[in-house]
Amino acid sequence: MSKERSRTGLRSGSRAWLRRHAYSFFSSIGALVRQPVVSMMTISVLAIALSLPLGLYTALDNVRELSRNWERLDSISVFLEPSQAEQDARRLASLLSTWPQVLSADPISPGMGMNELAGQTGLDANTIEPGWLAELSAEANPLPWTLEVSPLDDIDVAALAEQIRQQAGVDLVIVDLAWLQRLDALIQVFARLVELLGVLFGAAVLFVIANNIRADIQSRQEEIEVMALVGASTAYIRRPFLYSGLWMGLAGATLAWALLIGGLQLLQGPMQSLAVTYGSAASLSAPPPVLTLSMILGSGLLGILGAALAVNRQLARIKS
Amino acid sequence: MSLVSFEHVAKRYPGGVHALNDVNFSLERGEMAFLTGHSGAGKSTLLRLIALLERPSRGQVLFDGRNVTRLSRRQVPMLRRRVGVIFQDHKLLTDRKVFDNVALPLLIAGLPWSEIKRRVRAALDQVGLLAKETMQVPGLSGGEQQRVGIARAIVAKPSLLLADEPTGNLDPELSAELMQLFCTLNELGTTILIATHDIEQIRQLNRRRLELKAGQIVRDQSTMHTNGDDQYEILPSGPASHE
Ligand SMILES: Nc1ncnc2c1ncn2[C@@H]1O[C@H](COP(=O)(O)OP(=O)(O)OP(=O)(O)O)[C@@H](O)[C@H]1O
Ligand SMILES: [Mg+2]
């Protein structure tokens, strides 16, 4: 009987607790809405602060994706000795393509090589005198027969190059990996920079919110006093401020994400024209949803933390 | 056990003002008493000590048998919820509506919204302000603001009601009406202590009267006799006689 009563007492107690939470929840929204300009300015500051590391991260992510594509295009150029004729080139090509490390090996005639060179350097039949190229390729083409060897992914390209170099009739093997390695290192430096900026701007979010809540508490000191006078516990007084911190953090990060998406939209056009000149279809991708979501939640948590910092300091001051 | 008792209580404010000096008295459950004295005699200070808005410099204040100065941080809000205070300067939230001001203690207690609405309306009705529930506080007259403060103090049905000059801003008719409200609440079981200058009112109501002078209780008079001269009991210094 008494057990029954204490259980219902407990249940009604936890219901009162829930209701108190609900009232704080709505009162925190009310406080934000009551001063829309101040709230909007704070949220904008947060959004701008957060959009910088987020934007850099996105840029880096896209560059990383592009460089992965370039690596796949990466091939080994095998220049044969000038004495080698077409059938020698074809024989070596079919030999190399039987190797397990090799995806394909294509012979390129001196004429094709000249055309390709012309295309890459922007010289073509329209910009230079007609007949000049044909003349060059027919009579005095300085290019030897060449093999374009595509290695399989994930193999030791340097070792393969060495093996090819030892084949008879091979003059020169060119693997230009250095710039890719340099790009990789550069990406890593920037990735570290983005992490650093992320931490710094996370701290900025914390302090901006803490400062905002501090000002809010100061302007509402009378209200806090009255609430304490009619029996509000410290936890009850603190709660709406923690909610405010949460709202500002969430809203700031969400706005940062919207800014980023807007920015990507603006860059999409120019990016497309750039990609066309490279003959590939490149598009900018937004950060993955998981990252976006964790940034928004993380910013919300930082908001609560900042608010807690401010509230604890200010309430201690008011009480004493 | 008395609901409130003061044992050798002294209060000295920072700056050196001795607001109370060796105050001894107790207030029984269900009692309704008046606290009188000149301006600056220490009436507000005495009430503030009970609600733990100030701490005594010496002596002890007991509420329900417990020394209030020894209450933990968590217990202080619980005590304040059992005590309704009508402040001399109202202490209303000026950026909220009348309804929200009165609802505050119930929101803090976590009552269901339907219950809050019902009780707030009942309290506003009792002080004659039901028609103004949606008004903002600054739009009210001084007397109306005072009545909002009264409604907020009684809305949570506290076991002790402390009123600091609750009828100071009201015309005689309205103040008599509110005194009647306090008497009704008292008959329903609420213990009440009212600080006031209005001797005439006390005379009519025939209740216990404590008089403060320069921080000390100089008179503790249980009832007045309408036919005789005032009979004051001059207290010797020492423990309260009501124990
Ligand atoms: N917060 C304070 N700090 C310093 N002194 C104070 C404070 N509050 C009150 N006092 C002093 O304590 C004395 C008693 O003040 P109190 O407010 O208790 O008087 P009161 O009887 O309520 O007067 P009134 O009838 O004018 O309201 C006064 O001399 C006052 O100046
Ligand atoms: Mg006073």
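Because the structure is a prediction, the values reported are computed rather than measured. All residue numbers here refer to positions counted from 1 along the written sequence of the relevant chain. By the order in which they are written, chains take letters starting at A while ligands take numbers starting at 1. Residues qualify for local features only when their pLDDT is at least 70, as the model is predicted, and side-chain atom pairs are given and counted only at 80 or more; totals for whole chains, interfaces and linings, by contrast, use all residues. Calculated side-chain values reflect all of the structure's heavy atoms, with hydrogen atoms and water omitted.

**Notes on the coordination of the magnesium ion (ligand 2)**
On the protein side, the magnesium ion (ligand 2) has Ser44 of chain B (OG) and Gln88 of chain B (OE1) as donor atoms, found 1.9 to 2.3 Å from it. With Ser44 of chain B in helix H1 (residues 43–50) and Gln88 of chain B in the loop between strand E6 (83–86) and helix H3 (98–109), this residue pair connects regions lying 44 residues apart in the sequence. Counted as donors are the N, O and S atoms within 2.8 Å of the metal, or 3.2 Å for Na, K and Ca, while water is not among the atoms, so some sites may look incomplete. We count a stretch as a helix when DSSP gives it H or I for four or more residues in a row; a strand needs E for two or more, and each element gets its number in order from the N terminus.

**Quick look at the packing of aromatic side chains**
Note on ring pairs: Phe, Tyr and Trp rings are taken, using the six-membered ring of Trp, and paired if centres are within 6.5 Å. Classes follow the plane angle, with under 30 degrees stacked, over 60 edge-to-face and the rest tilted. Applying the stated criterion to the full structure yields 7 aromatic pairs over all chains. Measuring from centroid to centroid gives 6.2 Å for Tyr23 of chain A and Trp113 of chain B, while their planes differ by 55°, and the two rings are tilted. With Tyr23 of chain A in helix H1 (residues 2–34) and Trp113 of chain B in helix H4 (residues 113–126), this residue pair bridges two chains. Summarising the aromatic geometry, the rings of Tyr243 of chain A and Trp247 of chain A are spaced 6.1 Å apart at their centres and angled 15° between planes, so their arrangement reads as stacked. Separated by 4 residues within a single helix, Tyr243 of chain A and Trp247 of chain A lie in helix H9 (residues 234–277), roughly one turn from each other. Since its relative accessible area comes to 18%, Tyr243 of chain A is described here as buried. Think of it in three bands: with a 1.4 Å probe and only protein chains considered, a residue is buried below 20% of the maximum accessible area for its type, exposed above 50%, and partly exposed in between.

**Some details on the side chain of Ser5 of chain B**
In this fold, Ser5 of chain B is placed in strand E1 (residues 4–12). Residue contacts follow a heavy-atom distance rule, with two residues in contact if any of their heavy atoms lie within 4.5 Å. When residues no more than four places from it in sequence are discounted, the contact partners of Ser5 of chain B are Phe25, Ser26, Gln60, Val61 and Leu62 of chain B.

**A look at the environment of Ser83 of chain A**
All names here are of chain A. Tracing the backbone shows Ser83 in the loop between strand E1 (76–80) and helix H3 (86–96). Relative accessible area serves as the criterion here: at 57%, Ser83 is assigned to the exposed category. Sequence separation of Ser83 and Gly169 is 86 residues, and the distance between their C-alpha atoms is 8.0 Å.

**Section: the confidence of the model for chain A**
Residue and element names in this part refer to chain A. Residue-level confidence of the predictor is summarised by pLDDT, bounded by 0 at the bottom and 100 at the top. Mean pLDDT over chain A: 82, with 82% of residues reaching 70 or higher. When the elements of chain A are averaged for pLDDT, helix H5 (residues 132–139) gives the smallest value, 57, and H3 the largest, 90. Every residue in residues 1–5 scores below 50 in pLDDT, and together they form 0 contacts with partners more than four places removed in sequence or on other chains.

**Describing the pairing of strand E3 (residues 32–36) of chain B**
Residue and element names in this part refer to chain B. With 5 of 5 residues buried, E3 lies mostly within the body of the structure. Along E3, one buried face is formed by Met32, Phe34 and Thr36 and the opposite face, lined by Ala33 and Leu35, is buried too. Both E3 and strand E8 (residues 191–195) contribute to a ladder of 4 bridges, which runs parallel. The residue bridging Leu35 from the neighbouring strand is Ala195, located in E8. By definition, two strands form a pair when at least two bridges between them are found by DSSP. Sheet analysis places E3 next to strand E9 (residues 208–213), joined by 4 bridges and oriented parallel. For Leu35, the partnering residue across the bridge sits in E9 and is Leu210.

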